[in-house]
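Working through the structure, step by step
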Amino acid sequence: TESTKTVGLANAILAERERPRCDLFWNNEILNTLRLEQAGLLKSFRPANARLYPASAQSPDGLWHGFAARARVLLVNTNQVPETRRPKSIKSLTDPQWYERCGIAKPLFGTTATHAACLFATWNDDEAQEFFRSVKRNARIMAGNKQVARAVSSGALAFGLTDTDDAIIEVEAGHPVAIVYPDQRDGELGTLFIPNTLALIAGAPRTAAAEKLVNYLLSAEVEKTLANSASAQIPLNPQVPATDRVETPQSVRAMQIDWDAAADKWDTAR
């Protein structure tokens, strides 16, 4: 489940700070990487390929590097919800017409926790708290994003909030589902895109090998492989063409995020 993945790895690195075992942290999101940065556990490194990526996808100090994003989307069961009634916003999770027919992963872990911190950084604390209280009253809370996606494809839920990598698996398996990129209308937040991140751990025993691996992972070859994989991850290197399987920050309205501000809200959101 989500509780044993990213958060568990970040907490292990924090616990091992006096004698690091980890050389390179490949995180499938970003805020737990920034938690390690705030704790002073990351080592600056400027790989040759970093110049190919947008400034918003990397630390100005070279402490982390983003690539291969996923989007936070609504997956809708098309047998239960006709196209004219498809939810268009994450706020649909609070709509009483969908009481216990919509779902979200427990927002303490993984990309759902990252999403929560981003909302706390974008809205004021009272608005964000009321949103999640309303979600708790209205939606079913599940162990992880994959469980949400599977519940939608099986018909146990009408729709749910998940990631594109879990959603696309259900789409391409032929289940009666469709992906909605939320909050695209005027005045709405836009869809949140969350990059993978790479970070070297300060004081690690194999720094040279870790730097070599970062250079490889930030290559066009790897982003193309990830884009074509089952998870359909979204390239951030402009030299890598996006597939038509998922939308990108260039094809839909993307949520604008100050990642440092979101990291500062991590504890408040939890």
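Residues numbered from 1 in each chain as written. Predicted model: local features only at pLDDT ≥ 70, side-chain atom pairs only at ≥ 80, totals over all residues. Heavy atoms only, no water.

1. Some thoughts on the packing of helix α3 (residues 110-122) against helix α4 (residues 125-138)
Two packed helices can be described by the angle between their axes and the distance between those axes. Relative to each other, α3 and α4 sit at 140°, their axes nearing to 7 Å. Judged by the angle between their axes, α3 and α4 are oblique. For the pair α3 and α4, the crossing hand works out as right-handed. Every residue of α4 that contacts α3 at A116, L119 and F120 is listed here: D125, A128, Q129, F131 and F132. Residues belonging to the contact of α3 with α4 are distributed by class as follows: 6 nonpolar, 1 polar and 1 charged. (Axes fitted to C-alpha atoms, helices over the stretch in contact; angles between N-to-C directions. Helix = DSSP H or I, 4+ residues; strand = E, 2+ residues; numbered from the N terminus. Parallel < 35°, antiparallel > 145°, perpendicular 65-115°, else oblique. Left-handed = near helix turned anticlockwise from the far one by under 90°. Contact = heavy atoms within 4.5 Å. Nonpolar A, V, L, I, M, F, W, Y, C, P; charged D, E, K, R; others polar.)

2. Some thoughts on the packing of aromatic side chains
Under the defined criterion, the tally for this structure stands at 5 aromatic pairs. The interplanar angle of 45° and the centroid separation of 5.7 Å between the aromatic rings of W26 and F67 together place this pair among those described as tilted. Placement of the pair is W26 in strand β1 (residues 24-27) and F67 in strand β3 (residues 65-77), with a sequence separation of 41 residues. Residue class for W26 comes out partly exposed when judged on its relative accessible area of 38%. (Phe/Tyr/Trp six-rings, centres within 6.5 Å; stacked < 30°, edge-to-face > 60°. Buried < 20%, exposed > 50% of the residue type's maximum accessible area, 1.4 Å probe, protein only.)

3. So, the pairing of strand β8 (residues 193-201)
Across the 9 residues that make up β8, a large majority, 9, are buried. Note that β1 and β8 share 4 bridges and pair antiparallel. Counterpart to N27 in the pairing with β8 is T197. Pairing geometry for strand β2 (residues 42-43) and β8, over 2 bridges, is antiparallel. Bridging from a neighbouring strand, K43 pairs with L200 of β8. Where β3 and β8 come together, 6 bridges link them in antiparallel fashion. Within β8, the position partnered with A71 by the bridge is F193. (Pairing = 2+ DSSP bridges.)

4. Re the packing of helix α1 (residues 6-15) against helix α2 (residues 31-38)
Look at α1 against α2: their axes get within 10 Å of each other, and the N-to-C directions meet at 10°. Of the possible angle classes, the one that applies to α1 and α2 is roughly parallel. Once α1 is placed against α2, the crossing between them reads as right-handed. Every residue of α2 that contacts α1 at T6, V7, A10, N11, I13 and L14 is listed here: N32, R35 and L36. Of the residues contributing to the contact of α1 with α2, the split by class is 5 nonpolar, 3 polar and 1 charged.

These figures capture arrangement, not role.
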